[in-house]
Amino acid sequence: QVQLVESGGRLVQAGGSLRLSCVASERTFGIYSMAWFRQAPGKGREFVAAISSRSGSIKSADSVKGQFTISRDLAKNTAYLQMNGLKPEDTAVYYCAAEVQGWGTQESAAKYDYWGQGTQVTVSS
């Protein structure tokens, strides 16, 4: 069982930056990939970015390329999402996810086995 705890979400002005963190409860050796999704009010859960725990390969949604960067620190069992140039439309609850079955960096939420509780990011105009 993997527990994921996100942090770093808060209210920020448009154009600002935030770094979200996701700490896994066990060594990331057992986790094949970690990802960030987001869900805005009244909308479905949207893929943001994923990273392979072993190779470091990355997949990002086209909507955030050049704006958001995912990374991981194996020694700290942590994945990060660096968000720059934030816009009001980035307002959402951001969720961390992990998969342990070897699917790799998938965009489908159904491929992920464990989820964090979410952290709220609000971008004011």
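Up top is the structure these notes are about.
(A) Representation of the packing of aromatic side chains within the structure. Within this structure, the stated rule accounts for 4 aromatic pairs. Taken together, a centroid distance of 5.6 Å and an interplanar angle of 75° make the contact between Phe 37 and Phe 47 edge-to-face. Here Phe 37, found in strand S4 (residues 33-39), pairs with Phe 47, found in strand S5 (residues 45-52); they are 10 residues apart in sequence, far enough to count as distant. Overall, Phe 37 belongs to the buried group, its relative accessible area being 1%. Here Phe 47 falls in the buried class, since its relative accessible area comes to 8%. Through a chain of ring-to-ring contacts, the aromatic side chains of Phe 37, Phe 47, Tyr 112 and Trp 115 assemble into a single cluster. Here the basic side chain of Arg 45 rests over the ring of Trp 115, its NZ or CZ set 4.8 Å away from the ring centre.

(B) How the structure looks around the pattern of salt bridges. A full pass over the atoms with the stated rule returns 3 salt bridges. Arg 38 serves as the salt-bridge partner of Glu 46, at 2.8 Å between the closest nitrogen and oxygen. In this structure, Asp 62 and Lys 65 form a salt bridge, with 3.2 Å as the shortest nitrogen-oxygen distance. We classify Asp 62 as exposed; its relative accessible area is 64%. Salt bridges here are not isolated pairs; linked through shared partners, they connect Arg 38, Glu 46 and Asp 90.

(C) Highlighting the state of the cysteines. One pass over the structure, following the stated rule, counts 1 disulfide. Here Cys 22 connects covalently by a disulfide to Cys 96, the sulfurs 2.0 Å from one another. Sign of the S-S torsion, about -75° for the bond between Cys 22 and Cys 96, identifies this disulfide as left-handed. Note that Cys 22 is positioned in strand S3 (residues 18-24) and Cys 96 in strand S9 (residues 92-99), a separation of 74 residues in sequence. For the pair formed by Cys 22 and Cys 96, the shared burial category is buried.

(D) Inspection of the pairing of S5 at higher detail. Judged by how many residues are buried, S5 sits mostly within the fold: 6 of 8 residues are covered. Judged from the 7 bridges that link them, S4 and S5 form a sheet pairing that is antiparallel. From the neighbouring strand, Phe 37 faces S5, where its bridge partner is Phe 47. Two successive antiparallel strands, S4 and S5, enclose a turn made up of 5 residues, where Gly 42 displays a positive phi of approximately 75°.

Reading guide: rules and limits
- Residues numbered from 1 in each chain as written.
- Predicted model: local features only at pLDDT ≥ 70, side-chain atom pairs only at ≥ 80, totals over all residues.
- Heavy atoms only, no water.
- Phe/Tyr/Trp six-rings, centres within 6.5 Å; stacked < 30°, edge-to-face > 60°.
- Helix = DSSP H or I, 4+ residues; strand = E, 2+ residues; numbered from the N terminus.
- Buried < 20%, exposed > 50% of the residue type's maximum accessible area, 1.4 Å probe, protein only.
- Lys NZ or Arg CZ within 6 Å of the ring centre and 35° of its normal.
- Salt bridge = Lys/Arg side-chain N within 4 Å of Asp/Glu carboxyl O.
- Disulfide = S-S within 2.5 Å.
- Pairing = 2+ DSSP bridges.

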